[in-house]
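Descriptive structure summary
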Amino acid sequence: MAVDIKMTPPSAGEDKAWMTIDGRQVPVEGERNILEVARKAGIDIPNFCYHSELSVYGACRLCLVEVEGRGVVASCSTAPEAGMVVHTNTQRIRRLRRLTLELILADHDRECTTCVKSGACRLQELANRFGLDRVRFGERDGREPVDTSSPSLVRDPNKCILCGDCVRMCSEVQGIGAIEFAYRGSETAVVPAFDKGLGDVDCVNCGQCVQVCPTGALTVRSETERVWEAIHDPDTTVVVQMAPAVRVALGEAFGLDPGTQAAGKVVAALKSLGVDRVFDTTFAADLTAWEETHEFLRRRKEGGPLPLFTSCCPAWVRYCEQYHADLLKNLSTCRSPQQMMGSVLKRYWAPRQGLEPDRVFVVSLMPCTAKKFEAARPEFVREGCPDVDCVITTGEAAAMIREAGIDLESIPEEPFDNPLGMGSGAAVIFGTTGGVAEAVVRTVAGIVHGQDAPRVDFTPVRGHRGLKEATVDLSGGDGKGESGDRVRVAVVHGLARAGELVRAVKEGRVDYDLVEVMACPGGCVGGGGQPVGPGETRAARSRGLYRIDRRSQLHRPQDNPHIARLYREWLGEVGSHMAHEALHTRYHPHRRIEGVRATASTPAAAGAAAAGAEGDAFAAAKVPGEPLEVSVCVGTGCYLRGSHHVLRVFNRLLDERGLRDRVNLSATFCLEKCDRGVSVKVGDRLITGVGPDTAAEVFEREVSGRAAGPVETPGRRQG
Amino acid sequence: MTDRRIEDRRELEMLQARLARALETLRPRIIVCEGTGCLAKGAADVRRAFIKELEKRGPGIDLDLALEDPDEVERRREMGVAAVTPSGCQGLCQRGPLVTVEPEGYLYVGVRPDDVPDIVQAVVEGTGPVVRLLSDRDLSQARAADIDFFRPQERRVLAWCGRIRPGDIREYLARGGYSALAKALTEMTPDEVIEEVTAAGLRGRGGAGFPTGKKWRVTRDAEGDKKYVIVNGDEGDPGAFMDRCLLEGDPHRVLEGLIIAAYAVGADEGYAYVRAEYPRAVRLLRRAMAEAERYGLLGEDILGSGFSFRARLKEGAGAFVCGEETALIASIEGRRGMPRPRPPFPAVRGLWGRPTCINNVETLGNVPGLILYGAAAYREVGTDGSPGTKIFALAGQVERTGLIEVPMGSTLRDVIFGAGGGIRGGKEFKAVQIGGPSGGCLTSRHLDLPLDYESLKEAGAMIGSGGLVVLDEDSCMVEVARFFMSFVQSESCGKCVPCREGTRRMLELLTKMTEGTATKADLELLEELAGSVRESALCGLGKSAPNPVLTTLRYFRDEYLAHVTEHRCPAAACLELVSFEIDPEKCIGCGLCAKACPSGAVRQVDRADGTPDGRRRAEGAGDAGPAKKSPAAKGKTRKKRLPYAIDDELCLRCDACRAACPKGAVRRVPRKTVRDRSGAAATTAAGD
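Computed from a predicted model, the values in this text were never measured in an experiment.

Rules of the game
Residues numbered from 1 in each chain as written. Chains lettered and ligands numbered in written order. Predicted model: local features only at pLDDT ≥ 70, side-chain atom pairs only at ≥ 80, totals over all residues. Helix = DSSP H or I, 4+ residues; strand = E, 2+ residues; numbered from the N terminus. Rg over C-alpha atoms; globule rule 2.2 N^0.38 Å. Buried ≥ 20, exposed ≤ 12 C-beta atoms within 10 Å, placed from the backbone. Contact = placed C-beta atoms within 7 Å. Core = buried A, V, L, I, M, F, W, Y, C linked by C-beta atoms within 7 Å. Axes fitted to C-alpha atoms, helices over the stretch in contact; angles between N-to-C directions. Parallel < 35°, antiparallel > 145°, perpendicular 65-115°, else oblique. Left-handed = near helix turned anticlockwise from the far one by under 90°. Nonpolar A, V, L, I, M, F, W, Y, C, P; charged D, E, K, R; others polar. Expected span 1.5 Å × (residues − 1). Pairing = 2+ DSSP bridges. pLDDT = per-residue confidence, 0-100. Domains from an automatic or database assignment.

This paragraph deals with the overall build of chain A. From N to C terminus, chain A includes 22 helices and 24 strands. Taking 27 Å as the expected radius of gyration for a compact globule of 719 residues, we find that chain A reaches 29 Å, a close match to that expectation. In terms of overall dimensions, chain A has a C-alpha envelope of 95 × 70 × 60 Å along the principal axes. Across the 719 residues of chain A, 48% fall into the buried class. Long-range contacts, defined here as pairs at least 24 residues apart, represent 72% of the contacts in chain A between residues at least 6 apart.

Here's what the structure looks like:
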């Protein structure tokens, strides 16, 4: 290997710990396992399930090494010790690794030629590396259906090697756990809750699972065909908007270093594909920063609700809708840059170009898989016409460019189209964690200090640390301003950390004015639609964005002349009806899992169950006409507000009023009014805000009257 | 009422004495085994019959032990009415329902409600045992202790199992229960308790045989102010029921052991993890915990010592792998039961990240006696390296199956031919599968091998948790390996590749062998796979999963070779590789086999050459006329109906004819025709 390792052997008097790996002395410098020490020594120990950002799992057993005196151990889960003598490549280890690989391959759908992951598949790579030329075992037992229920992701269980990377990513980094292991033995599978589709559970579409999946089991749902169709339709004008984080990552697919600014080349390539216009999402990001800053200042003036949480990240928004309904009022009402751009394109740009909005096909080129989901949200579809027609990820765009045979490296750069192809430096850094917060701070500084405002490099919120906190002094940094002029800012990335922060805010342990949340580690540069790379790649992309920002002549959103023009020509002023209509939205509580309804454990139900099928049939026969359907929400929000007590009261009253036969009482999961207390559905009517103390009253008012029909006599009963 | 908190050791001893006196009123006492085996055979009806029968004769059935008044105790004793008590497993499960009559200790087997009046009569009138219900109908073996089954045994941990009402703390106290706890709390420091356990050489009874004292020491020395103890009752080996019986028969002993362990390692909280498929054990242990708490033997400031300990019961959801420590911890924490790499060991980082000591049910069952009588007494039985006794669940093809406790170092011969009474039906002993699917098999050459940790390890097996499945000559070792592999593969947690995929592929290969489609290359692949899985799997269960293959290969390679080279099963057990034959000498021509046959392969012989006429008839072939018979045959047929015979090509190998035959005339022989790869039948010349 051509790795230059500058390591000196141990010398007397040095207190550094050393170990021997394949005959070489390697220092131990706080690495948590042998695998990382070996990596430092230039030895790539093969594995599927080790990720430095996730917990150690130890399941793939490919990283086995021999330690003298201890035999075969898994290098990912064995701590390095001074004096340890490790062999990574003995005949025994080779034999074990090859057989393990062969076992994995036997249970893997090996239709490599038609797999989107072909060429980037870790399993393929290792099989190749180990020269596996045959599989002596049988095949998979039949084919599992491919899960295409998600708007963003495709899950192909036939390609899953059960390394668990996605499971740990989803639960440890994103705090969701939308997928987990189920079943045992050779039937073990990674599945969403209740074995439903990814689109029917609490998946937030962030795509981080795709980033860690070593095979083609979890991939981005590709929409390139729709883009090709639009391009080749002569009646359609295809407009692409490109997000900030794409320009520093797309080049990686063509051999450029991470962080290399490739916007001009990508624009040229897209034009070469036949795209009519290429605009820059940074324009919309400036618009977002401008609107959001004003929203923030208004909230501060009007006393809340604060902290203001950013809402640019659709995965984070979805997460809030599912887990923190009471927080939705704190979310900025500003649409994300993608949706603002869609709105601007369809309502402002198209008419001025003399184009019908439905003949303009807006393609978003995003680093993000959740943007696919966002674009399809009903809030962003007007009269059947979506503001954004189609979202493709960085990876999909790279695939299209590759298909067209374009050599990205040598293609001459081209500028974005105007007027929507220009954004400030503050907009460019939207693509990394901390960027939105910094953009808002720059905007505020510009508003407070006018043209004299100094350049703001808000370094405390930069970098890839987990939680970043800073206080901004709006009085101009001279420290003389009143305490009310200080803005406390927090920035998190990764939803698990965001969840912790939200809990801290709710419990009053911390106090912020502005909180930026990005679902993906590193922000959009680490988005689920980006080319796969380690944490270091993400940092390099972020540095690339800050480089662009430094060189940009437009520092603040308000420096962007086209923004002012947009207000002049179309929106009027900030806060205008048009601005509100076109640039803002509202989010609503959403249930996590579709179609789960538990029958309430009423005494009658329990009794019927105990009596067996016969009893059930009898009970059913006794009900005259259709019984009234009453369901009480027992989702987390309602449960915490006492929905079980409500159920108990209803159950008691059913007996007292003799309505057991007339009412079907059930418990249901989430009626999507989580922020309004216990929800109860009576027939088609949804009643919110039912409390344990008002349950009886609600029952009498809403249930008793409607359920009481003519009193039947035993003689009229059937059965 | 004694139903109150015991404040200190003196109170405990007074209560024990009072309860012991009360216990005297329960004589004579009829103890009906309500272990799971006996219950399944109708023990509950038997006990009801006893109660009914005794009620005819007067009051005082099932006396309450809560008698405080000595006069009342005396009065009851004079009344002399028999008591009826349910108990846990009495051991000889195969012969249940079992009934023991005390004080004599007569053991009755196979008791039905009809037998109850005779027993009651004998008990009340003191006329000695009912001979017809004794296990060998032999007066000299009326007492349990005299029966061959019990003679090689040394029931220490099982001392009261099957003899007391399980879960009744008063009876446990009456027998001196919780004295060991009192001794530990008042006379010993935690370190002294650990030293005593270490000196006794107690080793974990769950499988690996790790020294218990050492485990306690590591947990005690681990950093952290919060520690846990867990009793592992997730017994899951096929054929193993030691822990269940102990929990069902004497739950307080296990609980006492757990509390002592908690005191020793410095834990103030603990869990009993018992599989949910043991509802009776769960119920009894839960009741025992509640009672111990009421009596102040569990909870705050136990016996005034200042030591507090709370315990909870957690039901396992029935995953074999949850017997593995780290998977068990995950399960208690509410996560999927999957092992994680060790170290860190649970003793250092266990439940909720705190130091945790996990001991098996039987291990903790050893502790009270060990503490009470000391390490020296404990070492009186067993071997130097493996002191004490071991409980085995004896199952398979032995005359007497059941629960036994023998000194460590007893030989397999003692167990199988002593307690077990040899092989059923006078067949040849072939092998014994010891330690469940993680264990291995031993053969006749190991019959005099002492059963202890070291000797078994040398022989390539392990004591495991103590399951003993005895196999006779009719067992095919390839099929045995296939059976255990099928268990392991479906119980694999699915986490690591070697276990999940390796067991599945081993099962695939073994299945091919038993179906006669495997080749020698398959055998080589199986060996390679077994060796690799052992080396590379993540947890102990995965590493030991290939053991059934490896040990059967070690001792019965010839059988494997016969399967893969000749497609022949020497034991005539693999159905795909056998033919069914009817012994014309034994056949009485009753035709039950032909009725049972779903494919019409069994036909009555009507020809002199003894072949069945089925095909001829089915094809409607011409009438060959009455078969010519030799004069000798002619002479016979007048007295006896013609025998039946089986057409091998029509035979589906369902075994129904063999099951139907009242005379045992149908037998399995190595297959006469084998299917070639394409599935077509071909006749083989391979003789036996």
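Broken down by element type, chain B carries 25 helices and 19 strands. Within chain B, the fraction of its 688 residues that count as buried is 55%.

This part takes up the nonpolar core. Counting residues in each nonpolar core, the largest one holds 414 residues, and the members touching the most others are A:Trp316, B:Tyr108, B:Leu258, B:Ile260, B:Ala261 and B:Val432. For this core, the element with the highest residue contribution is helix α11 (residues 251-265) of chain B, accounting for ten residues. Here B:Ile260 is in contact with B:Ala180, B:Leu181, B:Ala184, B:Val193, B:Val367, B:Pro368 and B:Ile371, once residues within four sequence places are set aside.

With that settled, the discussion passes to the environment of B:Arg29. Residue and element names in this part refer to chain B. Here Arg 29 is to be found in strand β1 (residues 29-33). For Arg 29 and Glu 248, which are 219 residues apart along the polypeptide, the C-alpha to C-alpha distance reads 20 Å. Arg 29 has contacts with Ala 82, Ala 83, Thr 85 and Glu 102, leaving out every residue within four places of it along the chain.

This part is about the packing of helix α18 (residues 497-514) of chain B against helix α19 (residues 520-536) of chain B. Residue and element names in this part refer to chain B. It is at 10 Å that the axes of α18 and α19 come closest, and there the two elements cross at 155 degrees. As judged from the angle between their axes, α18 and α19 are roughly antiparallel. As for the relative orientation of α18 and α19, their crossing is left-handed in sense. Residues Pro 498, Cys 499, Gly 502, Arg 505, Met 506, Leu 509, Lys 512 and Met 513 of α18 form the contact with α19, whose own contacting residues are Asp 522, Leu 525, Leu 526, Leu 529, Ala 530, Ser 532, Val 533 and Ser 536. Grouping the constituent residues of the contact of α18 with α19 by class yields ten nonpolar, three polar and three charged.

Before going further, it helps to examine the interface of chain B and chain A. How big an interface is tends to be stated in terms of accessible area lost as the parts join. Contacts between the two partners involve 27 residues from chain B and, on the opposite side, 26 residues from chain A. Every element with two or more residues in the side of chain B that touches chain A is listed here: α17 (477-491), α18 and α19 of chain B. Among the elements that make up the side of chain B that touches chain A, the one with the highest residue count is α18(B) (eight residues). Taken together, the residues that form the side of chain B that touches chain A break down as nine nonpolar, seven polar and eleven charged.

Residues and elements named next belong to chain A. Along its 17 residues, helix α16 (residues 535-551) runs 25 Å from first to last C-alpha, staying within 8% of the 24 Å computed at 1.5 Å per residue. Along α16, the residues classified as buried are Thr 537, Arg 538, Arg 541, Ser 542, Gly 544, Leu 545, Tyr 546, Ile 548 and Asp 549. Of the surrounding secondary structure, the elements contacted by the buried residues of α16 are α13 (425-428).

The subject of this paragraph is unusual backbone geometry. Residues and elements named next belong to chain A. Going from Asn 418 to Pro 419, the amide bond is cis rather than trans, its omega being 15 degrees. Among the structural elements, Pro 419 can be located in the loop between α12 (394-403) and α13. Residues other than glycine seldom take positive phi values, yet Leu 162 does so here, at roughly 60 degrees. In this structure, Leu 162 sits in the loop between β6 (153-155) and α4 (165-173).

This paragraph deals with the packing of helix α2 (residues 91-106) of chain A against α19(B). Across the interface, α2(A) lies against α19(B) with an axial gap of 10 Å and an inter-helix angle of 105 degrees. Here α2(A) is positioned roughly perpendicular relative to α19(B), judged by the angle of their axes. From α2(A), A:Arg95, A:Leu96, A:Leu99 and A:Thr100 reach across to α19(B), where they touch B:Glu528, B:Leu529, B:Ser532, B:Glu535 and B:Ser536. Grouping the amino acids of the contact of α2(A) with α19(B) by side-chain chemistry returns three nonpolar, three polar and three charged.

Residues and elements named next belong to chain A. Strand order in the open sheet made by the five strands is β2-β1-β5-β3-β4, with mixed pairing throughout. Edge positions in the sheet fall to β2 (24-28) and β4 (71-74), since each has one partner strand and no second. Averaged over all pairs of adjacent strands, the angle between strand axes in this sheet comes to 40 degrees, irrespective of strand direction. Strand direction decides the pairing type here: strand β3 (residues 64-67) and strand β5 (residues 85-87), joined by two bridges, are antiparallel.

Turning our eyes to something else, we now look at the confidence of the model for chain B. All names here are of chain B. Here chain B averages 87 in pLDDT, and 89% of its residues register 70 or above. Below pLDDT 50 for its whole length, residues 614-637 participates in 17 contacts with residues either more than four positions away or in separate chains. Note on residues 676-688: pLDDT under 50 across the span, and 15 contacts to partners over four residues away in sequence or across chains. Confidence estimates for the predicted assembly give a pTM of 0.86 and an ipTM of 0.84.

Along the chain, B:Arg27 falls in the loop between α1 (9-24) and β1. Along the chain, B:Arg27 and B:Arg671 lie 644 residues apart, while their C-alpha atoms are 61 Å from each other.

All names here are of chain A. In terms of domain boundaries, chain A breaks down into domain 1 (17-89), domain 2 (102-221), domain 3 (225-583) and domain 4 (597-716). Relative to domain 2, the C-alpha centre of domain 1 lies at a distance of 26 Å. If you look at the interface, domain 1 gives ten residues, while domain 2 gives twelve residues.

Bringing the confidence of the model for chain A into the picture now. Residue and element names in this part refer to chain A. On average, residues of chain A carry a pLDDT of 88, and 91% of them reach 70 or more. When the criterion is pLDDT under 50, residues 601-623 qualifies, and its contacts beyond four places in sequence or with other chains add up to 17 contacts. Ignoring residues within four places in sequence, the model shows residues 710-719, a span with pLDDT below 50, making seven contacts including any to other chains.

What follows concerns the environment of B:Val120. Residue and element names in this part refer to chain B. Inspection of the secondary structure puts Val 120 in helix α5 (residues 116-125). Of the residues examined, Val 120 has 22 C-beta atoms within 10 Å and is grouped as buried. Each C-alpha atom, one on Val 120 and one on Arg 668, is 47 Å from the other, the two residues being 548 residues apart in sequence. Residues within four places of Val 120 in sequence aside, it is in contact with Phe 50, Glu 53 and Leu 54.

Residues and elements named next belong to chain B. One open sheet holds the five strands; their spatial order is β10-β9-β13-β11-β12, and the pairing between them is mixed. The outermost strands of the open sheet, each flanked by one partner alone, are β10 (402-407) and β12 (440-443). The mean inter-strand angle of the sheet, taken between neighbouring strand axes irrespective of direction, is 30 degrees. In this structure, strand β11 (residues 429-434) lies alongside β12, joined through four bridges in antiparallel fashion. Residue pairing across strands places Gln 433 opposite Cys 441, the latter belonging to β12.

What follows covers helix α14 (residues 435-449) of chain A. Residues and elements named next belong to chain A. Its 15 residues give α14 an end-to-end C-alpha distance of 21 Å, which sits within 8% of 21 Å, the value for a rise of 1.5 Å per residue. Along α14, twelve of the 15 residues are buried, which leaves the element largely enclosed by surrounding structure. All of the buried residues in α14 are Gly 435, Val 436, Ala 437, Glu 438, Ala 439, Val 440, Val 441, Arg 442, Thr 443, Val 444, Ala 445 and Gly 446. Summarising the contacts, the buried residues of α14 are in contact with α8 (281-302), α13, β17 (467-473), β18 (486-493) and β19 (514-518). Just past α14, the residue Gly 450 takes up positive phi, approximately 65 degrees.

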